Amino acid sequence: MLSRFLPEDFDTAKPITLIAGQGRYPVLVADAIRRAGIPIRLLAFHEETPPELYATFPDAERRMVYVGQLGKALRALREFGTGYALMAGQITPKRLFGGLHPDLLAIKILFSLKRRNAETIFGALAAEIEKAGVRMLDARCFLDEQLASTGVMTGGRFPINNEYLEHGIHIARESARLDIGQGCVVRKGTVLAVEAFEGTDEMLRRAGTFKTDGTLFVKTVKANQDYRFDVPVFGQRTLEVMRESGLHAAALEAGRVIMLDKPAVVAQAKAWGISLCGFE
């Protein structure tokens, strides 16, 4: 089984176009697709997509566009003859609001949005891609083994008692439901920080300015999460920021949060005395 997140009628002969943002996430996806023997193409973004990933594709199988060049992106998908598209990797949040290079199609779509946030913008992009006859895939596809799993992944006893864990999960889920963010930091029943536009790392640094014994970082998703984009991730960088901020426990929603290079992250967490727990 290639991935439990693929559609039942998935055709392995049709190319997948990887729409790649920042970091390790798109690199891991590309590697997994290649190992599966499925043809892959790359749609990259200037100043976002890792150059080392771009370099692994021949000219005929890659295109580089600016964030906002929707017409050019759709043309690339047609030229690739792609059957599927998969979004992986963050686009710098500020770029979505102050660094776009919108073409006429993108401008038309932006003006049609009543709310402009990452979800509505990427949702509109996904809709345009599917209108062009390309099927958007769940962004967890091919990374089944990289997802958070239930229980204490770092072994031993989780240092946060159940009452405070449940409180943190409740706050994170309510924050996600209100479309504020997908994470929070709590300490013994008190909310220290909630993730918003600044992103996870800045939230963790802010929480680290308070007393940090007994603190818990919780990462979750919305109940109606659109897994075609904006899948929450937890990786080496987040782990490093936790360590710098004096935070030693994280709870991640099992089967929904992607742990980038999971074995390495779990091993490093153990070495640094950071406990990782998956919850349902």
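Each remark here, short or long, concerns the structure printed above.
Notes on the structure in this doc start here.

Criteria and cut-off values
- Residues numbered from 1 in each chain as written.
- Predicted model: local features only at pLDDT ≥ 70, side-chain atom pairs only at ≥ 80, totals over all residues.
- Heavy atoms only, no water.
- Helix = DSSP H or I, 4+ residues; strand = E, 2+ residues; numbered from the N terminus.
- Polar contact = N/O pair within 3.5 Å; in protein donor to acceptor, adjacent residues only side chain to side chain.
- Contact = heavy atoms within 4.5 Å.
- Pairing = 2+ DSSP bridges.
- Salt bridge = Lys/Arg side-chain N within 4 Å of Asp/Glu carboxyl O.
- Buried < 20%, exposed > 50% of the residue type's maximum accessible area, 1.4 Å probe, protein only.
- Axes fitted to C-alpha atoms, helices over the stretch in contact; angles between N-to-C directions.
- Core = buried A, V, L, I, M, F, W, Y, C linked by side-chain atoms within 4.5 Å.
- Phe/Tyr/Trp six-rings, centres within 6.5 Å; stacked < 30°, edge-to-face > 60°.
- Lys NZ or Arg CZ within 6 Å of the ring centre and 35° of its normal.

## Quick look at the side chain of Gln182
Right, on to step 1. The topology assignment puts Gln182 in the loop between helix H7 (162–177) and strand E7 (183–187).
Right, on to step 2. In this structure the side chain of Gln182 is engaged in a polar contact, spanning 3.4 Å, whose partner is the side chain of Gln225.
Right, on to step 3. Discounting residues that sit within four places of it in the chain, Gln182 has contacts with Glu195, Val218, Lys219, Thr220, Val221, Gln225, Asp230 and Pro232.

## Observations regarding the sheet that holds strand E9 (residues 215–219)
Right, on to step 1. Judged by pairing direction, the sheet is mixed, and its 6 strands sit side by side in the order E6-E13-E11-E9-E7-E8 without closing on themselves. Two strands bound the open sheet, and with one partner strand each, they are strand E6 (151–152) and strand E8 (190–194).
Right, on to step 2. Bridge count for E7 against E8 is 4 bridges, and the pairing is antiparallel. For Arg187, the partnering residue across the bridge sits in E8 and is Thr190.

## Some details on the pattern of salt bridges
Right, on to step 1. Scanning the entire structure with this criterion turns up 20 salt bridges.
Right, on to step 2. When the shortest N-O distance is used, the salt bridge between Glu253 and Arg256 registers 3.3 Å.
Right, on to step 3. Residue Glu253 is classed as buried on the basis of its relative accessible area, which comes to 8%.
Right, on to step 4. Connected through salt bridges with shared partners, the residues Glu130, Asp226 and Arg228 form a single ionic network.

## Quick look at the sheet that holds strand E5 (residues 135–136)
Right, on to step 1. Across the sheet, 5 strands lie side by side as E3-E2-E1-E4-E5; this open sheet has parallel pairing. Two strands in the sheet have a free side with no partner beyond their single neighbour: strand E3 (62–65) and E5.
Right, on to step 2. Here helix H3 (residues 70–80) sits on the sheet in contact with strand E1 (16–20), strand E2 (40–45) and E3, set at roughly 175 degrees to E3.

## Description of the nonpolar core
Right, on to step 1. Core analysis: the largest hydrophobic core is formed by 33 residues, its most contacted members being Ile16, Leu18, Tyr25, Leu86 and Phe142.
Right, on to step 2. Contributions of two or more residues to this core are made by E1, helix H1 (24–35), E2 and strand E4 (84–88).
Right, on to step 3. Top contributing element to this core by residue count: H1, with 7 residues.
Right, on to step 4. If we skip the residues at most four places from it in the chain, Leu18 touches Pro26, Val29, Ala30, Ile40, Arg41, Leu42, Leu43, Leu53, Leu86 and Ala88.
Right, on to step 5. Core analysis: the next-biggest nonpolar cluster, separate from the first, contains 26 residues, Leu43, Ala85, Met87 and Ile129 among them.

## A few points about the packing of aromatic side chains
Right, on to step 1. Taken as a whole and judged by the stated rule, the model has 2 aromatic pairs.
Right, on to step 2. When the ring of Phe10 is compared with that of Tyr84, the centres are 4.7 Å apart and the planes differ by 40 degrees; the resulting orientation is tilted. Taken as a pair, Phe10 in the segment before E1 and Tyr84 in strand E4 lie far apart in primary sequence, 74 residues in all. In this pair, the class of Phe10 matches that of Tyr84, namely buried.
Right, on to step 3. When the ring of Phe217 is compared with that of Phe234, the centres are 6.3 Å apart and the planes differ by 25 degrees; the resulting orientation is stacked. Separated by 17 residues along the polypeptide, Phe217 in strand E9 and Phe234 in strand E10 (residues 233–234) bring together distant segments of the chain. Like Phe217, the residue Phe234 is buried in the burial classification.
Right, on to step 4. Its guanidinium or amino end placed over the ring of Phe57, Arg34 lies 4.3 Å from that ring's centre, counting from NZ or CZ.
Right, on to step 5. In this structure, Arg140 packs its charged tip against the face of Tyr227, placed 3.5 Å from the ring centre.

By themselves, these figures tell us nothing about what the structure is for.
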